[in-house]
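# Geometric and topological summary
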Amino acid sequence: MIINSDDSYRRLAENKIPHEGLTEVLYEKDSVCGHFSVRDAAEGMSHDGIRAAFEKYGAATSGFKDGKSVTGFFGTGAKNALAGMTDGRICTFKNNASCELRIFLHDDCLKGELEDPQAATEKLRSRHGIVGDGTLADFRADPGKGQKVPRFDTVHENLANHWRLRKIMTNPHRKVLLVDVAEKKKRRRLRYTMPRGEERINQQFTVPCEDYGEFPIRLSILRAESELRQEGDDRPGGLLIIDEEEAVLDMSLFKYDREPLAARLFGEVTFGRFRELLAREEPALDEKREGLNRSHPVCKVVIAEIEKRIEVLVQEESRRQKEARSSIDDEERTRYREAFNILNEIAEAEAEEVHNLGQ
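The next subject is the overall build of the protein chain. When helices and strands are tallied, the protein chain shows eight helices and 14 strands. Looking at the protein chain as a whole, 43% of its 359 residues are labelled buried. Looking at the protein chain alone, contacts between residues at least 24 apart form 66% of all its contacts between residues at least 6 apart. Surface summary for the protein chain: the accessible area is close to 20,500 Å², and the carbon and sulfur share equals 47%.

What follows is the structure, given as structure tokens:
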């Protein structure tokens, strides 16, 4: 949902329309259920636009096929979030008109009920907190239906560190706020802080692929001051894979994801010409649209080139750890020698014949 808002702000920027880039995540938790909303002041959607956007589940609804510099390749954000919850709905305002779409699952099929458009009255705007154009996505998590309701702090941590949101959370032109509705003064800005580290690789190169041409790649890999967690949606380690418009595609070290010698590595890969693959409807993303399709010919050769460069750093880390162990061994040998000298002195003293022991 946050990515959808970001895409809408991107389109405004492309059309030279000023905006604040503000997205609010509204959180409310009662004794049983959790109530969540994502609100922006971006484009909003017309009645026909919101109907077209949800006609086909998983369709390319964000506009990248039309040449827009949006990030929402997956086209499933609102649909997945709302369909997986209870009472999912989207309220949107555009050109002084408002419309509402209710989303739900029925017999394992995604259904939508779209109300007729109505005038965007002050009362309606006040209820949804939208002054001009904008959109509010609203849904409820019900533990009785197996839906988890996390704490406010957990939501803050998970959103701020989620790898799919890294480029938004570090964008100076975006402001994402987490708001506790019950405590109006409890407003936190969501930001991502990168680990501290030393850059080990900064390269630009091209990767040829038969029948597809050459793909420009920009690679930056850093070594962190300490080991990083290399798994999970909020993993601090690994390589963030983005396209030329900074759309987030994947987060991985590929075959080195569980390699202890790669535990300090993190960075970013820019995968050039990726949008061309999607525009041609190439299956460059996996079936679940959760990352790169490792078996696609282009992805396969690009990943192989990245892995070659990671291998160099892994070998360096192996040598570094061997040298560190060698240094420790020398120190230990010195300590042992000193300890044995002391023990020998004690043994010699104890072995001497004792005279004048006394009473």
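End to end, helix α1 (residues 2-14) covers 19 Å across 13 residues, agreeing with the expected 18 Å (1.5 Å per residue, within 8%). Along α1, the residues classified as buried are Ile 2, Ser 5, Asp 6, Asp 7, Ser 8, Tyr 9, Arg 10, Arg 11 and Leu 12. The elements touched by buried residues of α1 are β1 (22-29), β2 (34-40), α5 (152-161), α6 (166-169) and β8 (175-180). Positive phi appears at Lys 16, one or two residues downstream of α1, with a value of about 60 degrees.

Let's shift gears to the pairing of strand β10 (residues 197-209). Bridge count between β10 and strand β11 (residues 213-224): twelve bridges; the pairing is antiparallel. Looking across to β11, one finds that Pro 208 is bridged to Glu 214. In this antiparallel pair of consecutive strands, β10 and β11, the connection spans three residues, and Asp 211 shows a positive phi of 75 degrees.

This next bit is on the packing of aromatic side chains. The full count for this structure, using the stated rule, is five aromatic pairs. With a centroid separation of 5.5 Å and 75 degrees between ring planes, the pair formed by Tyr 27 and Phe 152 is classed as edge-to-face. You can see Tyr 27 sitting in strand β1 and its partner Phe 152 sitting in helix α5, a full 125 residues away along the chain. Of the two residues, Tyr 27 and Phe 152, neither departs from the other in class, the shared state being buried. Centre to centre, the rings of Phe 36 and Phe 139 are 6.0 Å apart; their planes meet at 20 degrees, and the pair counts as stacked. Residue Phe 36 is located in strand β2, and its partner Phe 139 is located in strand β7 (residues 134-141); the two are separated by 103 residues in the primary sequence. With a relative accessible area of 10%, Phe 36 lands in the buried category. Phe 139 gets classed as buried once you look at its relative accessible area, which sits at 9%.

Grouped together as the largest cluster of nonpolar side chains are 33 residues, with contacts concentrated most on Leu 239, Phe 271, Phe 274, Leu 292 and Ile 310. Elements that contribute at least two residues to this core include exactly β10, β11, β12 (238-243), β14 (265-271), α7 (274-279) and α8 (297-351). Sort the elements by how many residues they give to this core and α8 lands first, with eight residues. In this view, Leu 292 contacts Ile 241, Leu 249, Asp 250, Phe 254, Phe 271, Phe 274, Ala 284, Leu 285, Asp 286, Cys 299 and Ile 303; residues no more than four positions away in its chain are not counted.

The next subject is unusual backbone geometry. Phi at Asn 96 takes a positive value of approximately 65 degrees, unusual for a residue other than glycine. As for its placement among the helices and strands, Asn 96 is situated in the loop between β3 (86-94) and β4 (97-106). Of note in the backbone geometry, Phe 254 takes a positive phi value of approximately 60 degrees without being a glycine. Within the secondary structure, Phe 254 is located in the loop between β13 (248-252) and β14.

Let's shift gears to the sheet that holds β12. Pairing is mixed in the open sheet, where five strands are placed in the order β10-β11-β14-β12-β13. Each edge of the open sheet carries a strand with a single partner, namely β10 and β13. Pairs of neighbouring strands in the sheet enclose a mean axial angle of 15 degrees, with direction left out of account. Relative to β13, β12 runs antiparallel, the two sharing four bridges. Residue pairing in the sheet places Ile 242 in a bridge with Val 248 of β13.

Here we take up the confidence of the model for the protein chain. Confidence in the prediction for the protein chain averages 88 pLDDT; 90% of positions are at 70 or higher. Below pLDDT 50 for its whole length, residues 57-75 participates in 64 contacts with residues either more than four positions away or in separate chains.

Turning our attention to the environment of Ile 310. Structurally, the position occupied by Ile 310 is in helix α8. Its relative accessible area of 0% is what places Ile 310 among the buried residues.

Taken as a whole, α5 has its buried residues at Phe 152, Val 155, His 156 and Ala 160. Projected down its long axis, α5 carries its buried residues within an arc of 115 degrees, all on one side. Residues of α5 that are buried in the fold lie against β1, β2, α6, β8 and β9 (187-189).

All told, the structure shown has zero disulfides when counted by the stated rule. Between Cys 299, a free cysteine, and Cys 209, which holds the nearest cysteine sulfur, the sulfur-to-sulfur gap is 9.2 Å. Looking at Cys 299, the relative accessible area reads 0%, which means it is buried.

Rules and cut-offs
- Residues numbered from 1 in each chain as written.
- Predicted model: local features only at pLDDT ≥ 70, side-chain atom pairs only at ≥ 80, totals over all residues.
- Heavy atoms only, no water.
- Helix = DSSP H or I, 4+ residues; strand = E, 2+ residues; numbered from the N terminus.
- Buried < 20%, exposed > 50% of the residue type's maximum accessible area, 1.4 Å probe, protein only.
- Contact = heavy atoms within 4.5 Å.
- Areas by Shrake-Rupley, 256 points an atom, 1.4 Å probe, with all protein chains shown as cover.
- Expected span 1.5 Å × (residues − 1).
- Pairing = 2+ DSSP bridges.
- Phe/Tyr/Trp six-rings, centres within 6.5 Å; stacked < 30°, edge-to-face > 60°.
- Core = buried A, V, L, I, M, F, W, Y, C linked by side-chain atoms within 4.5 Å.
- Axes fitted to C-alpha atoms, helices over the stretch in contact; angles between N-to-C directions.
- pLDDT = per-residue confidence, 0-100.
- Arc of directions from axis to C-beta.
- Disulfide = S-S within 2.5 Å.

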